[in-house]
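Observations on the three-dimensional arrangement
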Amino acid sequence: MKFFLDTANIKDIKKAKSLGILDGITTNPTLISKEYLVYDEKKIIKHYINICNLLEDESDLSVEVISNTYIEMIKEGKKISKLHPKIVVKIPMTEDGIKAIKYLSNNGIKTNCTLVFSPLQALLAAKSGAEYVSPFIGRLDDLSYNGIFLLKEIMNIYKNYNFKTKILAASIRNPIHISECAKIGIYAVTAPIKVIRTLIENPLTKIGLDKFLNDYNKKKY
Ligand code: G3P
């Protein structure tokens, strides 16, 4: 399973990269807003390029458009995609968004269809030619729907029609989300670094390690 980091924070990206398990980055307008007090387009462009330069060969960075009409999304999508070959253009699942995904995909620009909450939205994302679909499972769970169930439905639909769109499970809130994704064979998850850390840490590992070292060090050389 691929691990993406859901952040625009360079320090967090460097930390995840140092673990050697980083397959890509996803950002969104909220995550970018956390990095800047005042927006400066040149700085934000440089920020995205810096992130791309940190990534390994097969990895990519999803950058979301902030426009919401077909024409503007296409214009912005083309501009974003020219910044770096590793950039995938993130487009929201709206009527204009679907059209923009279709246009960009037909023109060789990879897209990530975001804000997906239903199997039919995911079906349309795939039909439009999206490289990735991002179902937001945590936000569904917040409303007492079952995010993992949605992923299973999308997997089933994609299998039925042999769609190549990759499922990138987003809005990951906890390690259970990640283990459930792994069990059903989801292509990738995108999570904040604090959730990735929970995969490593276990109190029994710490207790065990402390005891091993304590026992070993009881003897004098
Ligand atoms: O990047 C999109 C998604 O992962 C957002 O997550 O936690 O804001 O629902 P969250």
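Structure shown above.
Summary of the structure given here. In every chain, residue numbers begin from 1 and rise along the written sequence. Where local features are concerned, this predicted model is filtered to residues with pLDDT of at least 70; where side-chain atom pairs are given and counted, the filter is 80 or more; whole-chain, interface and lining totals use all residues. Just so you know, side-chain values use all the structure's heavy atoms and leave hydrogens and water out.

The next subject is the side chain of serine 81. Tracing the sequence through the fold places serine 81 in helix H4 (residues 70-83). Owing to a relative accessible area of 18%, serine 81 belongs among the buried residues under this scheme. What qualifies as a polar contact is a pair of N or O atoms within 3.5 Å, subject to a donor-acceptor requirement within protein and to the restriction that residues adjacent in sequence count only when both atoms come from side chains. At 3.0 Å, the side chain of serine 81 forms a polar contact with the backbone oxygen of lysine 78. Helix numbering and strand numbering both begin at the N terminus, where a helix is a DSSP run of H or I of at least 4 residues and a strand a DSSP run of E of at least 2. Any residue under 20% of the maximum accessible area for its type is buried, any over 50% is exposed, and the rest in between are partly exposed; the area is computed with a 1.4 Å probe on protein chains only.

Across soluble globular proteins, you tend to see nonpolar side chains buried next to one another. For our purposes a nonpolar core is just a set of buried Ala, Val, Leu, Ile, Met, Phe, Trp, Tyr and Cys residues, chained together by side-chain atoms within 4.5 Å. One finds Leu61, Tyr158, Ile172 and Cys181 to be the most contacted residues of the largest nonpolar core, which totals 56 residues. Take this core: its biggest share by element is 6 residues, from helix H8 (residues 147-161). Filtering out sequence-adjacent residues up to four positions away, leucine 61 remains in contact with Ile25, Thr27, Tyr48, Ile51, Cys52, Leu55, Lys86, Ile87 and Val88. Only heavy atoms enter the contact rule, under which two residues are in contact if any of them lie within 4.5 Å.

Further remarks concern the packing of helix H6 (residues 119-128) against H8. In this analysis, axes come from line fits to C-alpha atoms, helices being fitted only over the stretch in contact, and the angle between any two N-to-C directions falls in the range 0 to 180 degrees. Put simply, H6 and H8 touch, their axes get as near as 9 Å, and they point 40 degrees apart. When the interaxial angle is binned, H6 and H8 end up oblique. Relative to H8, the crossing made by H6 is right-handed. Contacts between H6 and H8 involve Pro119, Ala122, Leu123, Ala125 and Ala126 on the former and, on the latter, Leu150, Glu153, Ile154, Ile157 and Tyr158. Residue polarity is assigned by list, with Asp, Glu, Lys and Arg as charged and Ala, Val, Leu, Ile, Met, Phe, Trp, Tyr, Cys and Pro as nonpolar; anything else, Gly included, falls into the polar class. Looking at side-chain class alone, the contact of H6 with H8 contains 9 nonpolar, no polar and 1 charged residues. Roughly parallel means an angle under 35 degrees; roughly antiparallel, over 145; roughly perpendicular, 65 to 115; everything else is oblique. By convention, the crossing between two helices is left-handed when the near helix turns anticlockwise from the far helix through less than a right angle, and right-handed when the turn is clockwise.

Below, the discussion takes up the site of the ligand. We define proximity as follows: a residue is near a molecule or strand when any one of its heavy atoms falls within 4 Å of that partner. As a structural note, the neighbourhood of the ligand is formed by Asp6, Asn28, Lys90, Phe136, Arg139, Ala170, Ser171 and Arg173. Taking arginine 139, its side chain carries an N or O atom lying 2.6 Å from an oxygen atom of the ligand. Accessible areas in this description were obtained via Shrake-Rupley with a 1.4 Å probe; residue shielding takes into account the shown protein chains only. Contact with the protein chains covers 83% of the free accessible surface of the ligand, which is 310 Å². Along the lines of polarity and charge, the residues of the shell around the ligand split into 2 nonpolar, 2 polar and 4 charged.

We count a salt bridge whenever a side-chain nitrogen from Lys or Arg sits within 4 Å of a carboxyl oxygen from Asp or Glu. Using the criterion set out here, one finds 9 salt bridges in the structure. The salt bridge partner of arginine 173 is aspartate 142, with a shortest N-O separation of 2.7 Å. In this pair, arginine 173 sits in the loop between strand S7 (166-169) and helix H9 (175-184) while aspartate 142 sits in helix H7 (residues 137-142), placing the two residues 31 residues apart along the sequence. With a relative accessible area of 40%, arginine 173 lands in the partly exposed category. On the basis of relative accessible area, aspartate 142 is assigned to the exposed category, the value being 52%. Ionic pairing is found between lysine 218 and aspartate 215, a salt bridge with its closest N-O pair at 3.1 Å. Placement of both lysine 218 and aspartate 215 in helix H11 (residues 203-218) is noted, with a separation of 3 residues, approximately one turn of the helix. Looking at aspartate 215, the relative accessible area reads 30%, which means it is partly exposed. Each member of the salt-bridge network shares a partner with another, and the members are Lys211, Asp215 and Lys218.

A few words now on the packing of aromatic side chains. For any pair of aromatic rings, geometry is given as the distance between the ring centres together with the angle between the planes. Here is the rule: rings of Phe, Tyr and Trp (six-membered ring for Trp) pair when centre to centre is within 6.5 Å. Planes less than 30 degrees apart are stacked, more than 60 are edge-to-face, and the remainder are tilted. Taken as a whole and assessed by the stated rule, the structure comprises 5 aromatic pairs. An angle of 75 degrees between the planes, with centres 5.9 Å apart, marks the rings of phenylalanine 4 and tyrosine 132 as edge-to-face. On the criterion of sequence distance, the pair formed by phenylalanine 4 in strand S1 (residues 2-6) and tyrosine 132 in strand S6 (residues 132-135) is long-range, its members being 128 residues apart. The exposure class of phenylalanine 4 is buried, given its relative accessible area of 2%. Judged by its relative accessible area of 3%, tyrosine 132 falls in the buried class. A ring pair is formed by tyrosine 161 and phenylalanine 163, whose centres lie 6.1 Å apart and whose planes are at 45 degrees; its orientation type is tilted. The structure contains a cluster of three or more aromatic residues connected by ring pairs, namely Phe4, Tyr132 and Tyr187. Geometrically, a charge over a ring is one whose NZ (Lys) or CZ (Arg) sits within 6 Å of the ring centre while staying within 35 degrees of the ring normal. Taking NZ or CZ as reference, lysine 99 lies 5.3 Å from the ring centre of tyrosine 70, over its face. In this structure, lysine 166 packs its charged tip against the face of tyrosine 132, placed 5.5 Å from the ring centre.

Once that is clear, we can look at the environment of alanine 188. Structurally, alanine 188 is set in strand S8 (residues 188-191). By relative accessible area, which is 0% here, alanine 188 ends up buried. Taking the C-alpha atoms as reference points, alanine 188 and phenylalanine 4, separated by 184 residues in sequence, lie 7.0 Å from one another.

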